[in-house]
Amino acid sequence: MTAIDRTAYPRFGKRWTADELHERYGLSEGELTLVAGHTIGDAQRLTFATMLKTRQQLGCFASLQDVPRQITEHLAEQLGLTSATSLLVAEVQKKTRFRYRKAIRRQLGSRSFAEGGRVCVENAVAEAVVTMSDPADLINVAIERLVRAGIELPSFGTLDRIVGRMRQENHAQLYARIAQRLTAEHRAVLDGLLQLPVEERITGFAKLKQAPGPPTLNRVAEWASRLAWLTSLLDPAPFLEDIPHTKIRQFAAEAHAHEIGDMRGIRGHARRHTLLLCLLQRTRAATRDELALMFLRRMRRIRKAAKDRLLTLQEQHRELEAALIAVLGRVISSAKSAASDRCLGRQVRDILTDQGGIEVLGAHYETVSACLRNNELPFLWPAHAPKRAVLFQALEQLEPEAATQDRRLLDAFDVVRANRHTRRDELAVEVDLGFASQRWQTFVRKRTKAGDHVDRRALEVCVLVHLADALECGDPYVAGSEAYADYRAQLLPWDRCQARVHDYCRALGLPSNGRDLVDSLQEHLGHAAADTDAAFPDNTELSI
């Protein structure tokens, strides 16, 4: 049975303040007249007033013995009665209950549950159960529909039984619909998850429920292997195509809560296969989410390491600056004393070799230059290189896809992926870097005497950094994921939205068509601009 405290089913609170009592159980002049016109005697007046106000607050007639004394005392005070006045005894209450209830219903314009209440609940639940799964949510829908129709609420148990029956019927229909889509081969694969393969220690069902460990970079290979295994089974998406996400989530949670013996003991093949399909779907999505999260976390660490390295070097770069200036000084001194250009060139090369060589001095120059420009980009590759293999392993399993027509980032990622094993530092390829800032483009593209080229390492970190940012924004997306799925698939179909546009715009005070909305916004912005211009001479906070 559903816990009543998880629903909106009305019940008495523990205690109220004086203001709350007056707001909820205060008697108006009309209600006082109504009480006086239908009762004779103090106990009758208090009983009628109690039934009236509790019916208004709870939506049903409560048992008088359950009404808190704080309420009856407050009503007695308004009726001019003493706090010792009691409600009618049960025997008398039975004789007058029908007459009191009839008068109150007539006053409130309501009906008893017997007058169409069951049909009202069934219609409401039949609509909601298509997308909702939690019994508490369905009970709340039924309560809302009854209140709107002016029908008294039945007992909580009655609502719970109706909801439970209709929910079970809906699930049986879903099981049958999904089972019809399965072939004998598909059913064999699903049933095989409940069997222990030869030379295996656990069943496939247990592997579905058992994660390979915490989602850290050290376990990327295990998580990638897990996703590859899940993908090799069968794709549950075609069989669950029109099943609401809430149902899939509930069926998967139900399967996850079962032990292997419980799953084998389910009599209905349709239900067992549905639970397994939903568990497989959710497990695949969760695994993709974890792999994507590992990638994002690693990229955050790489960027933080590069910034930390920049800060450290900014404190230490004075020594490098002094060393480079010393090299420059020796070159200038040689230029003054050299007899010929050939001799000068030989001396300069000797100086550079003596100071560590061109590569070492070039690295020192890049470091000092980056420090002076406050540029952390050159330090991304050293932080990225040690773990680049596992990042590519994760991305190969994720296979990000574009959510829009702009494929520049993914095209660049294809170039990076195709050259991931290349040892050349320079790539003679055409890459559209329109997705990156000018600073990034300058960092990636290099100009030499031989012509323009792309720095392979700079391109790789550039693409991966922007790919991480884009994944968190929803474009591109990871097919089969949940946290990084295509947001367009989660939107309501336009035909369903179009039916609600008018009421939605009316509630917000907006025009319901595009042309009028544009005109309204232009008018609003025009007024705002005119008001700003008029107030500008006296506005000391604004300067142009």
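Refer to the preceding data block for the structure.
Read on for an overview of the structure. (Residues numbered from 1 in each chain as written. Predicted model: local features only at pLDDT ≥ 70, side-chain atom pairs only at ≥ 80, totals over all residues. Heavy atoms only, no water.)

Points about helix 4 (residues 69-78)
When we look at burial in helix 4, the residues that qualify are Gln70, Ile71, Thr72, His74, Leu75 and Ala76. Elements that come into contact with the buried residues of helix 4 comprise helix 1 (18-25) and helix 3 (42-58). Gly80 lies just past helix 4 and shows a positive phi near 75°. (Buried < 20%, exposed > 50% of the residue type's maximum accessible area, 1.4 Å probe, protein only. Helix = DSSP H or I, 4+ residues; strand = E, 2+ residues; numbered from the N terminus. Contact = heavy atoms within 4.5 Å.)

Some points on the pattern of salt bridges
In this structure the tally under the stated criterion is 30 salt bridges. Note that Glu152 is salt-bridged to Arg105, the shortest N-O span being 2.5 Å. Note that Glu152 is positioned in the loop between helix 7 (135-149) and helix 8 (156-180) and Arg105 in helix 5 (residues 90-108), a separation of 47 residues in sequence. Residue class for Glu152 comes out buried when judged on its relative accessible area of 6%. What emerges from the salt-bridge pattern is a single network uniting Arg407, Asp411, Asp414 and Arg417. (Salt bridge = Lys/Arg side-chain N within 4 Å of Asp/Glu carboxyl O.)

A few points about the side chain of Asp160
Tracing the backbone shows Asp160 in helix 8. Although Asp160 is buried, it forms no salt bridge, and the closest oppositely charged side chain is Arg161 at an N-O distance of 7.1 Å. Reaching out from Asp160, the side chain makes a polar contact with the side chain of Thr2 at a distance of 2.8 Å. Sequence-distant contacts of Asp160, that is, excluding residues within four places in its chain, are made with Met1, Thr2 and Ile139. (Lys, Arg positive; Asp, Glu negative; His and termini not counted. Polar contact = N/O pair within 3.5 Å; in protein donor to acceptor, adjacent residues only side chain to side chain.)

Focus: the layout of surface pockets
Considering only enclosed or pocket space, the largest pocket measures out at about 1100 Å³ in volume. Contributing elements (two or more residues each) for the lining of the largest pocket: helix 12 (245-257), helix 14 (269-337), strand 5 (477-478) and helix 22 (494-508). Ranked by residue count, the leading element in the lining of the largest pocket is helix 14, at five residues. When its residues are assigned to classes, the lining of the largest pocket shows 14 nonpolar, six polar and 11 charged. What the second largest pocket holds in volume is close to 700 Å³. In terms of lining residues, the second largest pocket is bounded by 23 residues, among which Glu366, Pro378, Phe443, Lys446 and Asp455 are the most central. (1 Å grid on protein atoms, 1.4 Å probe; cavity = no way out; pocket = protein on both sides within 12 Å on 5 of 7 lines; lining within 4 Å. Points joined across faces, edges and corners; volume = space filled by probe spheres on them. Nonpolar A, V, L, I, M, F, W, Y, C, P; charged D, E, K, R; others polar.)

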